[in-house]
Every structure is written in C-alpha cells, then in structure tokens.
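Structural overview
Take a look at the letters that make up each chain.
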Amino acid sequence: MKAVLVCASVSHGNTRRIAEVMGRVLAARVVEPEQIDPAELADHDLVGFGSGIFTGQFHTRLRDFVRSLPEGQRGRAFVFATSGLPELRIRPFTRPLVRQLQGKGFEVTGTFSCRAYDTWLPFKLVGGINKARPDGSDLAAARAFAERLRAGGAGQGE
Ligand SMILES: Cc1cc2nc3c(=O)[nH]c(=O)nc-3n(C[C@H](O)[C@H](O)[C@H](O)COP(=O)(O)O)c2cc1C
C-alpha cells in the first residue's frame, strides 16, 4: 500500500508530530501541501490530510490544496487534526473537509483528532492551554489509528 500525508502545521508543529507517528506506521512521506503535485496523489492508495484548527476550520493552505484537486475516482483518504478545544459531536470540524474530499472522489475511511497546545487568544493571555500535548497517549492513539488504516480498516480516533 502506498500512502502519503499532506500536513500543514503552522502554529506549534502539533499536527506534524501526529503526522510523523502515522507516517512511520504507514511507511508514508509527510509533505506540506506545496510540496506535492496534486496529480501525484493518484499514485497513492491512501492519502491523509491534516492540520490544526483555526477559527473552526482546517488551515487555509490545506483547504486550498484540496480545493485545487481535480475530481475523479480516487483511493482512500483520512483526515486528522489537532485543536485546542474538543470536536463537537453535533458539528465536527472534520466534517466539511471529509465532505469536500468525498466530492473529489475519495473514499474517506477515517478521522482522527486530538487536543494540542493552543495559544489562540484568549488562551494566550493565560500562557496557552494543553501545554504538554500532544502527549504520549495522543501519539499512541495516532499510532493505533494508523495501524487500523494499514490493516485496511476504517476508524475514528481521539
Ligand atoms: C489563530 C488561531 C486560531 C485557532 N482557532 C481554534 C479553534 O477555532 N478551535 C480550536 O479548537 N483550536 C483553535 N486553535 C488552536 C490550534 O488548532 C492548535 O493549537 C493546533 O494544535 C495547531 O496546530 P499546529 O501546531 O499543527 O499548527 C487556534 C489557534 C490559533 C493560533
């Protein structure tokens, strides 16, 4: 199985740490959106898309990249995020990206998110929240999530 992870991690490198762990399990490269030609994705069986969450959305560089992809039949994809606040079940922040990828023809087989160091105002005023995260158990959860994907399964991870 050939996999790649497209990751924009701009704030503290939080999402990159999650991506590196998943990438090791999947023997996949981790690239910035600008480092891969959209056409190259067609060569891959599994593509991960991840970033931090900024005012409720994935980073604009990741969203722009997905928007630029041509539509067509594709392989499997998954979405991963780090955020200061938990994802709401009634309005998951992963949902719009999942829908967008499905619209491009991907079969989205998993979503993963975990809490991470967050210095968004007003948290900045108190020195940020989740200072030590992602921690060992977040990385273990990311590893387990990627192992399920490698085994061909689908999944949700927190
Ligand atoms: C300007 C800004 C806006 C943010 N908006 C949100 C948000 O709406 N919801 C949330 O849960 N976290 C929010 N965060 C926290 C980031 O999602 C979190 O720190 C994330 O782990 C950053 O990932 P990165 O280090 O990979 O870029 C925000 C952070 C910044 C700096």
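Here, every reference points to the structure presented above.
This write-up is about the structure you can find in this document. (Residues numbered from 1 in each chain as written. Predicted model: local features only at pLDDT ≥ 70, side-chain atom pairs only at ≥ 80, totals over all residues. Heavy atoms only, no water.)

**Observations concerning the overall build of the protein**
Looking only at helices and strands, the protein features four helices and seven strands. Helices and strands appear in the protein in the N-to-C order β-α-β-β-β-α-β-α-β-α-β. Radius of gyration (C-alpha) of the protein: 15 Å, near the 15 Å computed for a compact globule of 158 residues. The principal-axis extent of the C-alpha atoms belonging to the protein is close to 45 × 30 × 30 Å. The buried share of the protein, reckoned over its 158 residues, is 49%. Considering only contacts in the protein between residues 6 or more positions apart, those separated by 24 or more positions represent 73%. About 7,800 Å² of surface is accessible on the protein, with carbon and sulfur atoms providing 52% of the total. (Helix = DSSP H or I, 4+ residues; strand = E, 2+ residues; numbered from the N terminus. Rg over C-alpha atoms; globule rule 2.2 N^0.38 Å. Buried < 20%, exposed > 50% of the residue type's maximum accessible area, 1.4 Å probe, protein only. Contact = heavy atoms within 4.5 Å. Areas by Shrake-Rupley, 256 points an atom, 1.4 Å probe, with all protein chains shown as cover.)

**Description of the nonpolar core**
In terms of nonpolar packing, the biggest core is built from 22 residues, with V6, L41, F49, L97, L101 and F106 touching the most fellow members. Elements that contribute at least two residues to this core include exactly β1 (3-8), β3 (46-54), α2 (60-68), β5 (76-83) and α3 (95-103). For F106, the contacting residues outside a window of four places in its chain are L41, V47, F49, L69, R74, G75, R76, A77 and L101. Ranked by size, the runner-up nonpolar core spans 21 residues in total, among them V21, F80, F112 and A146. (Core = buried A, V, L, I, M, F, W, Y, C linked by side-chain atoms within 4.5 Å.)

**Some details on the pairing of β5**
Counting buried positions along β5 gives eight out of eight residues, so the element sits mostly inside the fold. Of the two faces of β5, the one lined by R76, F78, F80 and T82 and the one lined by A77, V79, A81 and S83 are each fully buried. As paired strands, β5 and strand β6 (residues 107-115) are joined by eight bridges and run parallel to one another. Within the sheet, the bridge partner assigned to R76 lies in β6 and is E107. For the crossover that starts at β5, traverses α3 and ends in the parallel β6, the hand is right-handed. (Pairing = 2+ DSSP bridges. Right-handed = clockwise from strand over helix to strand, strands pointing away.)

**Looking at the environment of Q102**
Structurally, the position occupied by Q102 is in helix α3. With a relative accessible area of 42%, Q102 lands in the partly exposed category. Measuring from C-alpha to C-alpha, the distance between Q102 and A77 comes to 8.9 Å, with 25 residues separating the pair along the chain.

**Some thoughts on the packing of α2 against α3**
In a packed pair of helices, the relevant descriptors are the angle between the two axes and the axis-to-axis distance. At a minimum axis separation of 10 Å, α2 and α3 run at an interaxial angle of 20°. It follows from the interaxial angle that α2 and α3 lie roughly parallel. Viewed along their axes, α2 and α3 form a crossing whose handedness is left-handed. Of the residues in α3, those in contact with L62, R63, V66 and R67 of α2 are L97, Q100 and L101. Here the contact of α2 with α3 is built from residues that sort into four nonpolar, one polar and two charged. (Axes fitted to C-alpha atoms, helices over the stretch in contact; angles between N-to-C directions. Parallel < 35°, antiparallel > 145°, perpendicular 65-115°, else oblique. Left-handed = near helix turned anticlockwise from the far one by under 90°. Nonpolar A, V, L, I, M, F, W, Y, C, P; charged D, E, K, R; others polar.)

**Quick word on the site of the ligand**
Among the 20 residues in the neighbourhood of the ligand, the closest are listed as S9, T15, I53, T82 and Y117. Note that an oxygen atom of the ligand is positioned 2.5 Å from one of the side-chain N or O atoms of S9. At 2.7 Å, a backbone N or O of S11 approaches an oxygen atom of the ligand. Under a 2 Å grid-point criterion requiring more than half of the atoms, the pocket assigned to the ligand is the largest pocket. (Near = heavy atom within 4 Å. Polar contact = N/O pair within 3.5 Å; in protein donor to acceptor, adjacent residues only side chain to side chain. 1 Å grid on protein atoms, 1.4 Å probe; cavity = no way out; pocket = protein on both sides within 12 Å on 5 of 7 lines; lining within 4 Å. Sits in = over half its atoms within 2 Å of the grid points.)

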